Amino acid sequence: MQYRLVVLPGDGIGREVTSAALTVLKKIESLFYFSTEVEEADIGGAAIDRFGHPLPQRTVEICQASDAVLLGAVGGPKWDSLPGDLRPEAGLLGLRKTLQVFANLRPIRVFPELMDASPLKREVVEGSHFIIVRELTGGLYFGEPKERRQTANGLEVVDTLHYTEDEIERIVRVAFDLATKRRGHLTSVDKANVLESSRVWREVVQRVALDYPQVQVHHQLVDSAAMMMVQKPTFFDVVVTENLFGDILSDEAAVITGSLGMLPSASLSSRGPGLYEPVHGSAPDIAGQNRANPLATLLSLSMLLEHSFSQHEAASVLEKSVLSVISQGYRTADLAGRHHQALSTTEMTERVLAALEDQVGCQTMKSAQ
């Protein structure tokens, strides 16, 4: 099997963490007997510096022709003064829209060894393991009109929250399908007491729920969901919501784990390549210092292997390898406590490579028995 992968390092620590992922991918290829044709392109601030635009046409074309896209990070203070449509983040939004990756999957897991890094009490976060399914190509971020207007009464601004029934149903079905493979509990987050779009959202969820009688459905207003997420995160299993709410709630949920450096994400379409990226930002303050935590990117690579390459065993082994290095006490600077030595990006990657060998060796021994 051969796959086509596009790597978009982007800005800040993006190049360091994607380089780590490619090193690990090469090892996985040798262990699981497949190959990957890798092509690199620019996005975000790096693309602005080279081409004057955050999403060059070449980047769009090679991403569309790929099996999967792995992104590092975009953004940084260097480009903060640019107009909105020319900022690095516009490149990412444009790529999501172009690839039609409408379903963003963001797993939120509290690792037992890292519970003390969470700002919440151990007894609150212990056992938390849920996934947020965020609609990614509609809502306020893409609705039209989106404009400033000079009127006789001064400046007015308009953002439009737009969804079709079909757009809502397709993301809701992704969430229901996930719930059937997990604990069978779905929380749909909306603002149905105020917004007409949320009332339609809730109606669609209730209709689709008839096709999934094995899934328990819970409707939650977004403000109370935000509160509940820090009060009782173990309540949640699969959370599905629209674009803006999902953006905010997923960042809130990320804090529960104690480190953005451990959180992956996958953005999937109904057909075509998926887009995979760590949740953390570009961290320009440590860029180029070999201090970045590569584990979120490696877990994103695991999701890529699972969803885009259908290399299910390889995905499982990589995830177990990341968990293994954490359980053995290895930490990068963002995770290191008083009793841990902070490893560099390269050193942590080497630990994962060693764990991969161990995991495959253990599986081979079990098969032989």
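Procedures and definitions
- Residues numbered from 1 in each chain as written.
- Predicted model: local features only at pLDDT ≥ 70, side-chain atom pairs only at ≥ 80, totals over all residues.
- Heavy atoms only, no water.
- UniProt positions renumbered as here; feature names shortened; annotations may be inferred.
- Helix = DSSP H or I, 4+ residues; strand = E, 2+ residues; numbered from the N terminus.
- Buried < 20%, exposed > 50% of the residue type's maximum accessible area, 1.4 Å probe, protein only.
- Contact = heavy atoms within 4.5 Å.
- Pairing = 2+ DSSP bridges.
- Lys, Arg positive; Asp, Glu negative; His and termini not counted.
- Salt bridge = Lys/Arg side-chain N within 4 Å of Asp/Glu carboxyl O.
- Polar contact = N/O pair within 3.5 Å; in protein donor to acceptor, adjacent residues only side chain to side chain.
- Axes fitted to C-alpha atoms, helices over the stretch in contact; angles between N-to-C directions.
- Parallel < 35°, antiparallel > 145°, perpendicular 65-115°, else oblique.
- Nonpolar A, V, L, I, M, F, W, Y, C, P; charged D, E, K, R; others polar.
- Right-handed = clockwise from strand over helix to strand, strands pointing away.

Within an unreviewed UniProt entry, the label attached to the protein reads 3-isopropylmalate dehydrogenase, and the organism entered is Alicyclobacillus tolerans. Checking UniProt for the protein, the heading Subcellular location (unreviewed entry) contains the comment "Cytoplasm".

Undergrad: Sorry if this is basic, but what is going on with the UniProt feature "binding site: substrate" (unreviewed entry) in the protein here?
TA: The UniProt record marks Arg96, Arg106, Arg134 and Asp223 with the feature "binding site: substrate" (unreviewed entry), using the residue numbering of this structure. Of the residues just listed, which span 128 residues, the most distant C-alpha pair is 26.6 Å apart, and they do not cluster in one region. Inspection of the secondary structure puts Arg96 in helix α4 (residues 88-99). What makes Arg96 buried here is its relative accessible area of 9%. If sequence neighbours within four positions are ignored, Arg96 has contacts with Val101, Arg134, Leu136, Thr137, Leu275 and Glu277. Mapping Arg134 onto the fold places it in strand β5 (residues 129-135). Other than its neighbours up to four places away in sequence, Arg134 contacts Arg96, Phe102, Ala103, Asn104, Tyr141, Ile171, Thr241, Glu242, Asn243, Gly246 and Asp247.

Undergrad: I keep staring at the pairing of strand β7 (residues 154-160) and nothing clicks. Help me out?
TA: Residues in a regular strand point their side chains to alternate faces of the sheet. Relative to β7, strand β6 (residues 143-151) is paired through six bridges, and the arrangement is antiparallel. Note that in β7 the partner of Thr151 across the bridge is Gly154. Here β6 folds back onto β7, and the loop between the two strands holds two residues.

Undergrad: Mind showing me how you'd approach the side chain of Glu242 here?
TA: Along the chain, the position of Glu242 falls in the loop between β10 (238-241) and α9 (243-256). Although Glu242 lies buried, it forms no salt bridge, and the closest oppositely charged side chain, Arg134, sits 7.8 Å away as judged by the N-O distance. At a separation of 3.1 Å, a polar atom in the side chain of Glu242 contacts the main-chain amide nitrogen of Leu244. Not counting chain neighbours up to four residues away, the residues in contact with Glu242 comprise Arg134, Glu135, Leu161, Tyr163 and Trp201.

Undergrad: Any chance you could explain the packing of helix α8 (residues 222-231) against α9 here in plain terms?
TA: The axes of two packed helices give the description: the angle between them and the distance between them. Two elements in contact, α8 and α9, have axes separated by 10 Å at closest approach and are oriented at 10°. In terms of axis orientation, α8 runs roughly parallel to α9. Counting all contacts with α8, which are made through Val222, Ala226, Met229 and Val230, the residues of α9 involved are Phe245, Leu249, Glu252, Ala253 and Ile256. When the residues that make up the contact of α8 with α9 are grouped by side-chain class, the tally is eight nonpolar, no polar and one charged.

Undergrad: I keep staring at the sheet that holds strand β11 (residues 266-268) and nothing clicks. Help me out?
TA: Strand pairing in a sheet relies on backbone hydrogen bonds, with the paired strands running either antiparallel or parallel. In spatial order, the strands read β2-β1-β3-β12-β11-β4-β5-β10-β8-β9; together these ten strands make up an open sheet with mixed pairing. Only two strands of the sheet have a single neighbouring strand rather than two, namely β2 (35-40) and β9 (216-221). Going from strand to strand, the sheet's axes swing by 25° on average, the running direction of each strand aside. Here strand β8 (residues 185-190) runs beside β10; their pairing, made up of four bridges, is parallel. Looking at the pairing, Ser188 lines up with Val240 of β10.

Undergrad: How do you make sense of the pairing of β8 when you look at a structure like this?
TA: With six of its six residues buried, β8 lies for the most part within the structure. Neither face of β8 is exposed, since His185, Thr187 and Val189 on one face and Leu186, Ser188 and Asp190 on the opposite face are all buried. In the classification by handedness, the crossover that spans β8, the intervening helix α7 (residues 196-209) and the parallel β9 is right-handed.

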